[in-house]
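One letter stands for each residue in the lines below.
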Amino acid sequence: MITIIRLKLLSCVFGLLLVLCLNSTKGFSKEQVVHMITFEYSPVSIVENDNKISGIGPEILRAMVAYMGVSLEERSAPTKRAILMLEKEPLVLPVLTRTPSREDKYHWIGMISEDENCFIVLKDNPPINSLDDAKKLNRVGVNAGGRTFKYLGDRGFTNLDPTGNNKFNVRKLFTGRIDAWFSSKLVAHFTMKSIGFNPDMTRCLTKTQKIKYYIVASKKISPDLLKRLKNAFAALQNNGKIDEIRLKYM
(Lines give C-alpha, C1' and ligand atoms only; values in the text may rest on other atoms or scores of the structure.)
Protein backbone atom coordinates (compact mmCIF):
# COMPACT_ATOMS: atom_id res chain seq x y z
CA MET A 1 0.00 0.00 0.00
CA ILE A 2 2.80 2.43 0.93
CA THR A 3 4.53 1.69 -2.37
CA ILE A 4 1.35 2.49 -4.32
CA ILE A 5 0.91 5.77 -2.45
CA ARG A 6 4.54 6.70 -3.16
CA LEU A 7 4.08 5.95 -6.85
CA LYS A 8 0.97 8.12 -6.98
CA LEU A 9 2.79 10.97 -5.24
CA LEU A 10 5.71 10.68 -7.62
CA SER A 11 3.30 10.68 -10.56
CA CYS A 12 1.61 13.85 -9.27
CA VAL A 13 4.95 15.58 -8.70
CA PHE A 14 6.14 14.63 -12.19
CA GLY A 15 2.90 15.90 -13.70
CA LEU A 16 3.18 19.18 -11.80
CA LEU A 17 6.77 19.66 -12.88
CA LEU A 18 5.83 18.96 -16.52
CA VAL A 19 3.08 21.61 -16.40
CA LEU A 20 5.46 24.13 -14.83
CA CYS A 21 8.09 23.46 -17.48
CA LEU A 22 5.61 23.85 -20.29
CA ASN A 23 4.29 27.09 -18.84
CA SER A 24 7.80 28.44 -18.31
CA THR A 25 8.55 28.10 -22.02
CA LYS A 26 5.56 30.18 -23.05
CA GLY A 27 6.66 33.58 -24.26
CA PHE A 28 10.01 32.28 -25.54
CA SER A 29 10.28 32.63 -29.28
CA LYS A 30 10.37 29.47 -31.35
CA GLU A 31 11.52 31.49 -34.36
CA GLN A 32 14.69 30.07 -35.84
CA VAL A 33 14.61 32.11 -39.05
CA VAL A 34 14.94 35.85 -39.62
CA HIS A 35 13.20 36.94 -42.82
CA MET A 36 14.99 39.77 -44.63
CA ILE A 37 13.59 41.95 -47.40
CA THR A 38 15.81 44.54 -49.08
CA PHE A 39 16.17 46.67 -52.20
CA GLU A 40 18.94 48.11 -54.35
CA TYR A 41 20.49 51.12 -52.61
CA SER A 42 24.23 50.72 -53.06
CA PRO A 43 26.38 50.62 -51.02
CA VAL A 44 24.00 50.42 -48.06
CA SER A 45 22.18 47.54 -49.77
CA ILE A 46 23.45 46.04 -53.03
CA VAL A 47 21.25 43.83 -55.22
CA GLU A 48 23.00 42.56 -58.34
CA ASN A 49 21.39 41.22 -61.54
CA ASP A 50 21.64 37.61 -60.36
CA ASN A 51 19.89 38.69 -57.13
CA LYS A 52 23.13 38.40 -55.19
CA ILE A 53 22.74 40.59 -52.09
CA SER A 54 25.54 42.43 -50.30
CA GLY A 55 26.21 45.88 -48.85
CA ILE A 56 26.58 47.46 -45.43
CA GLY A 57 23.10 46.62 -44.09
CA PRO A 58 22.76 43.03 -45.33
CA GLU A 59 26.28 42.15 -44.14
CA ILE A 60 25.59 43.56 -40.69
CA LEU A 61 22.28 41.68 -40.51
CA ARG A 62 24.03 38.43 -41.51
CA ALA A 63 26.53 38.95 -38.71
CA MET A 64 23.68 39.61 -36.26
CA VAL A 65 21.88 36.44 -37.31
CA ALA A 66 25.08 34.39 -36.95
CA TYR A 67 25.52 35.85 -33.45
CA MET A 68 21.92 34.87 -32.62
CA GLY A 69 22.46 31.33 -33.91
CA VAL A 70 19.48 31.33 -36.28
CA SER A 71 19.02 31.20 -40.05
CA LEU A 72 18.44 34.06 -42.49
CA GLU A 73 16.03 33.99 -45.44
CA GLU A 74 16.93 36.70 -47.98
CA ARG A 75 14.69 38.37 -50.56
CA SER A 76 14.79 41.58 -52.58
CA ALA A 77 12.15 43.76 -54.21
CA PRO A 78 11.82 47.26 -55.68
CA THR A 79 11.98 49.97 -53.00
CA LYS A 80 8.29 50.79 -52.75
CA ARG A 81 7.21 47.14 -52.70
CA ALA A 82 9.81 46.20 -50.08
CA ILE A 83 8.60 48.95 -47.74
CA LEU A 84 4.97 47.91 -48.23
CA MET A 85 5.90 44.30 -47.45
CA LEU A 86 7.63 45.45 -44.27
CA GLU A 87 4.33 46.94 -43.06
CA LYS A 88 2.39 43.71 -43.67
CA GLU A 89 4.80 40.85 -42.89
CA PRO A 90 7.22 39.94 -40.03
CA LEU A 91 10.33 41.05 -41.93
CA VAL A 92 13.61 42.83 -41.25
CA LEU A 93 14.83 45.52 -43.67
CA PRO A 94 18.58 46.26 -43.47
CA VAL A 95 18.40 49.76 -44.96
CA LEU A 96 15.93 52.56 -44.22
CA THR A 97 16.40 56.25 -43.53
CA ARG A 98 14.91 57.46 -40.26
CA THR A 99 12.30 60.21 -40.56
CA PRO A 100 9.58 61.58 -38.24
CA SER A 101 6.83 60.19 -40.48
CA ARG A 102 8.33 56.69 -40.24
CA GLU A 103 9.15 56.76 -36.54
CA ASP A 104 6.11 54.85 -35.27
CA LYS A 105 5.74 52.49 -38.24
CA TYR A 106 8.73 50.23 -37.55
CA HIS A 107 11.10 48.98 -34.87
CA TRP A 108 14.46 50.74 -35.22
CA ILE A 109 17.17 48.17 -34.51
CA GLY A 110 20.32 50.27 -34.95
CA MET A 111 22.02 52.90 -37.09
CA ILE A 112 24.45 51.55 -39.68
CA SER A 113 25.65 54.69 -41.52
CA GLU A 114 25.25 58.46 -41.96
CA ASP A 115 25.05 60.45 -45.19
CA GLU A 116 23.68 63.64 -46.78
CA ASN A 117 21.39 64.35 -49.74
CA CYS A 118 22.22 66.63 -52.67
CA PHE A 119 21.61 67.14 -56.40
CA ILE A 120 24.16 65.22 -58.48
CA VAL A 121 24.88 66.98 -61.79
CA LEU A 122 27.51 66.63 -64.50
CA LYS A 123 30.29 69.19 -64.13
CA ASP A 124 29.55 70.68 -67.56
CA ASN A 125 25.91 71.36 -66.64
CA PRO A 126 24.73 74.62 -65.05
CA PRO A 127 24.97 74.67 -61.23
CA ILE A 128 21.98 74.16 -58.94
CA ASN A 129 22.12 76.71 -56.14
CA SER A 130 18.71 76.13 -54.56
CA LEU A 131 15.60 73.99 -54.61
CA ASP A 132 13.96 76.63 -56.83
CA ASP A 133 16.75 76.12 -59.39
CA ALA A 134 16.09 72.38 -59.36
CA LYS A 135 12.35 72.89 -59.88
CA LYS A 136 13.10 74.60 -63.19
CA LEU A 137 14.89 71.57 -64.64
CA ASN A 138 13.15 69.28 -67.11
CA ARG A 139 13.75 66.04 -65.18
CA VAL A 140 15.18 65.18 -61.78
CA GLY A 141 15.95 61.52 -61.09
CA VAL A 142 14.92 60.00 -57.75
CA ASN A 143 14.53 56.59 -56.15
CA ALA A 144 10.86 55.61 -56.62
CA GLY A 145 9.03 55.31 -53.32
CA GLY A 146 12.10 56.34 -51.33
CA ARG A 147 12.81 59.21 -49.00
CA THR A 148 14.28 61.39 -51.76
CA PHE A 149 11.08 61.02 -53.79
CA LYS A 150 8.92 62.04 -50.82
CA TYR A 151 11.22 64.91 -49.81
CA LEU A 152 10.99 66.62 -53.21
CA GLY A 153 7.34 65.72 -53.73
CA ASP A 154 6.42 67.36 -50.43
CA ARG A 155 8.16 70.52 -51.64
CA GLY A 156 6.14 70.88 -54.80
CA PHE A 157 8.41 69.24 -57.37
CA THR A 158 6.49 68.21 -60.49
CA ASN A 159 9.50 67.30 -62.65
CA LEU A 160 10.49 64.07 -60.90
CA ASP A 161 11.57 61.02 -62.92
CA PRO A 162 11.45 58.08 -60.46
CA THR A 163 13.09 54.71 -61.00
CA GLY A 164 13.37 51.60 -58.84
CA ASN A 165 17.13 51.21 -59.20
CA ASN A 166 19.79 53.87 -58.69
CA LYS A 167 21.98 52.33 -61.39
CA PHE A 168 19.35 53.48 -63.88
CA ASN A 169 19.62 57.00 -62.46
CA VAL A 170 23.37 56.99 -63.07
CA ARG A 171 22.95 55.94 -66.69
CA LYS A 172 20.18 58.49 -67.22
CA LEU A 173 22.38 61.26 -65.82
CA PHE A 174 25.40 60.44 -67.98
CA THR A 175 23.30 60.03 -71.12
CA GLY A 176 21.38 63.28 -70.59
CA ARG A 177 17.97 61.69 -69.96
CA ILE A 178 17.77 63.54 -66.62
CA ASP A 179 19.28 66.92 -65.74
CA ALA A 180 20.09 66.04 -62.14
CA TRP A 181 19.86 63.14 -59.75
CA PHE A 182 18.69 63.80 -56.20
CA SER A 183 20.42 61.22 -54.04
CA SER A 184 22.73 60.76 -51.11
CA LYS A 185 26.40 61.54 -51.59
CA LEU A 186 27.53 58.10 -50.42
CA VAL A 187 25.02 56.21 -52.57
CA ALA A 188 25.74 58.26 -55.69
CA HIS A 189 29.53 57.96 -55.42
CA PHE A 190 29.50 54.19 -54.85
CA THR A 191 26.86 53.46 -57.52
CA MET A 192 28.73 55.44 -60.20
CA LYS A 193 32.00 53.64 -59.50
CA SER A 194 30.34 50.21 -59.36
CA ILE A 195 29.08 50.43 -62.96
CA GLY A 196 32.09 52.14 -64.50
CA PHE A 197 31.22 55.85 -64.36
CA ASN A 198 33.62 58.44 -62.97
CA PRO A 199 32.25 60.32 -59.92
CA ASP A 200 34.83 63.07 -60.57
CA MET A 201 32.79 64.11 -63.62
CA THR A 202 29.93 65.16 -61.32
CA ARG A 203 29.21 67.69 -58.61
CA CYS A 204 27.12 67.32 -55.42
CA LEU A 205 25.16 70.59 -55.07
CA THR A 206 22.56 72.15 -52.76
CA LYS A 207 23.06 69.76 -49.87
CA THR A 208 19.72 69.51 -48.13
CA GLN A 209 19.95 67.45 -44.94
CA LYS A 210 21.88 64.82 -43.04
CA ILE A 211 20.41 61.33 -43.21
CA LYS A 212 20.86 58.23 -41.09
CA TYR A 213 20.44 54.64 -42.31
CA TYR A 214 19.02 52.02 -39.95
CA ILE A 215 18.27 48.34 -39.80
CA VAL A 216 14.54 48.17 -39.05
CA ALA A 217 12.02 45.47 -38.23
CA SER A 218 8.32 45.16 -38.94
CA LYS A 219 5.84 45.70 -36.12
CA LYS A 220 4.67 42.17 -36.98
CA ILE A 221 7.72 40.42 -35.49
CA SER A 222 7.56 38.99 -31.97
CA PRO A 223 8.81 40.98 -28.94
CA ASP A 224 11.32 38.23 -28.19
CA LEU A 225 12.83 38.30 -31.68
CA LEU A 226 13.00 42.09 -31.54
CA LYS A 227 14.90 41.92 -28.26
CA ARG A 228 17.34 39.35 -29.66
CA LEU A 229 17.97 41.47 -32.76
CA LYS A 230 18.68 44.55 -30.67
CA ASN A 231 20.98 42.60 -28.35
CA ALA A 232 22.88 41.19 -31.33
CA PHE A 233 23.32 44.65 -32.86
CA ALA A 234 24.60 46.04 -29.55
CA ALA A 235 27.07 43.17 -29.17
CA LEU A 236 28.48 43.64 -32.70
CA GLN A 237 28.71 47.37 -32.15
CA ASN A 238 30.68 46.86 -28.96
CA ASN A 239 33.16 44.40 -30.50
CA GLY A 240 33.83 46.60 -33.55
CA LYS A 241 32.27 44.28 -36.15
CA ILE A 242 29.81 46.92 -37.43
CA ASP A 243 32.59 49.47 -37.98
CA GLU A 244 34.63 46.80 -39.76
CA ILE A 245 31.79 46.05 -42.20
CA ARG A 246 30.99 49.72 -42.78
CA LEU A 247 34.59 50.60 -43.65
CA LYS A 248 34.63 47.98 -46.44
CA TYR A 249 32.19 50.09 -48.45
CA MET A 250 33.32 53.63 -47.63
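A brief structural summary.

**Description of the state of the cysteines**
- This structure, assessed with the given rule, holds one disulfide.
- Sulfur-sulfur distance for the disulfide between Cys-118 and Cys-204 comes to 1.8 Å. Here the disulfide of Cys-118 and Cys-204 is left-handed, its torsion about the S-S bond being about -110 degrees. Highlighted residues: Cys-118 in strand 6 (residues 106-122) and Cys-204 in strand 10 (residues 202-205), separated in sequence by 86 residues.

**Let's talk about the nonpolar core**
- Among the nonpolar cores identified, the biggest contains 48 residues, and Ile-60, Met-64 and Leu-229 are the most heavily contacted of them.
- The dominant element in this core, judged by the number of residues it contributes, is helix 2 (residues 56-68), at seven residues.
- Beyond its immediate chain neighbours, meaning those up to four positions away, Leu-229 contacts Val-34, Leu-61, Met-64, Met-68, Val-92, Ile-109 and Ile-221.
- In terms of nonpolar packing, the next biggest core, distinct from the first, is built from 13 residues, Ala-134, Val-142, Tyr-151 and Leu-160 among them.

**Focus: the packing of helix 2 against helix 9 (residues 241-249)**
- Relative to each other, helix 2 and helix 9 sit at 155 degrees, their axes nearing to 9 Å. With respect to each other, helix 2 and helix 9 are oriented roughly antiparallel. Once helix 2 is placed against helix 9, the crossing between them reads as right-handed. Contacts between helix 2 and helix 9 involve Ile-56, Glu-59, Ile-60 and Ala-63 on the former and, on the latter, Lys-241, Ile-242, Ile-245, Arg-246, Lys-248 and Tyr-249.
- Its residues placed into classes, the contact of helix 2 with helix 9 shows six nonpolar, no polar and four charged.

**As for the pattern of salt bridges**
- By the definition in use, this model includes 12 salt bridges.
- Between Glu-116 and Lys-210 there is a salt bridge, with its nearest N and O atoms 3.6 Å apart. Residue Glu-116 is found in strand 6, and its partner Lys-210 is found in strand 11 (residues 210-218); the two are separated by 94 residues along the sequence.
- With a relative accessible area of 67%, Lys-210 lands in the exposed category.

**Points about the packing of aromatic side chains**
- Tallied over the full model, the rule gives nine aromatic pairs.
- Where Phe-174 meets Phe-197, the ring centres are 4.6 Å apart and the plane angle is 40 degrees; that geometry is what we call tilted. You can see Phe-174 sitting in helix 6 (residues 166-174) and its partner Phe-197 sitting in the loop between helix 7 (185-194) and strand 10, a full 23 residues away along the chain.
- Note on Phe-197: relative accessible area 23%, which makes it partly exposed.
- For the pair Phe-190 and Tyr-249, a centre-to-centre distance of 6.3 Å together with 55 degrees between the ring planes defines the contact as tilted. Highlighted residues: Phe-190 in helix 7 and Tyr-249 in helix 9, separated in sequence by 59 residues.
- Using a relative accessible area of 22% as the deciding quantity, one classes Phe-190 as partly exposed.

Each value, and the rule that gives it
- For every chain, the first residue of the written sequence is number 1, and numbering continues from 1 along that sequence.
- At least 70 in pLDDT is required for a residue's local features to be given in this predicted model, at least 80 for side-chain atom pairs to be given and counted, and no such filter applies to totals for whole chains, interfaces and linings, which use all residues.
- Note: side-chain values were computed over all heavy atoms of the structure, leaving out hydrogens and water.
- Any pair of cysteine sulfurs within 2.5 Å is marked as a disulfide.
- Helix and strand labels come from DSSP, where a helix needs a run of H or I of at least four residues and a strand needs a run of E of at least two; each type is numbered from the N terminus.
- We define a nonpolar core as any set of buried Ala, Val, Leu, Ile, Met, Phe, Trp, Tyr and Cys residues linked to one another through side-chain atoms lying within 4.5 Å.
- For the exposure calls, accessible area comes from a 1.4 Å probe over protein chains only, and a residue counts as buried if that area is under 20% of its type's maximum, exposed if over 50%, partly exposed in between.
- Throughout, a residue-residue contact means that at least one pair of heavy atoms, one from each residue, lies within 4.5 Å.
- Simply put, an axis is a line fit to the C-alpha atoms, just over the touching stretch for a helix, and the angle between two N-to-C directions goes from 0 to 180 degrees.
- For this classification, under 35 degrees means roughly parallel, over 145 means roughly antiparallel, 65 to 115 means roughly perpendicular, and everything else is oblique.
- Whether a crossing is left-handed or right-handed is set by the direction in which the near helix is turned from the far one by less than a right angle, anticlockwise for left-handed and clockwise for right-handed.
- When residue character is reported, Ala, Val, Leu, Ile, Met, Phe, Trp, Tyr, Cys and Pro are called nonpolar, Asp, Glu, Lys and Arg charged, and the others, Gly included, polar.
- Here, a salt bridge means any Lys or Arg side-chain nitrogen found within 4 Å of an Asp or Glu carboxyl oxygen.
- Paired rings are identified among Phe, Tyr and Trp, the last through its six-membered ring, by centres lying within 6.5 Å, and are further divided according to the angle between planes into stacked (under 30 degrees), edge-to-face (over 60) and tilted (the rest).

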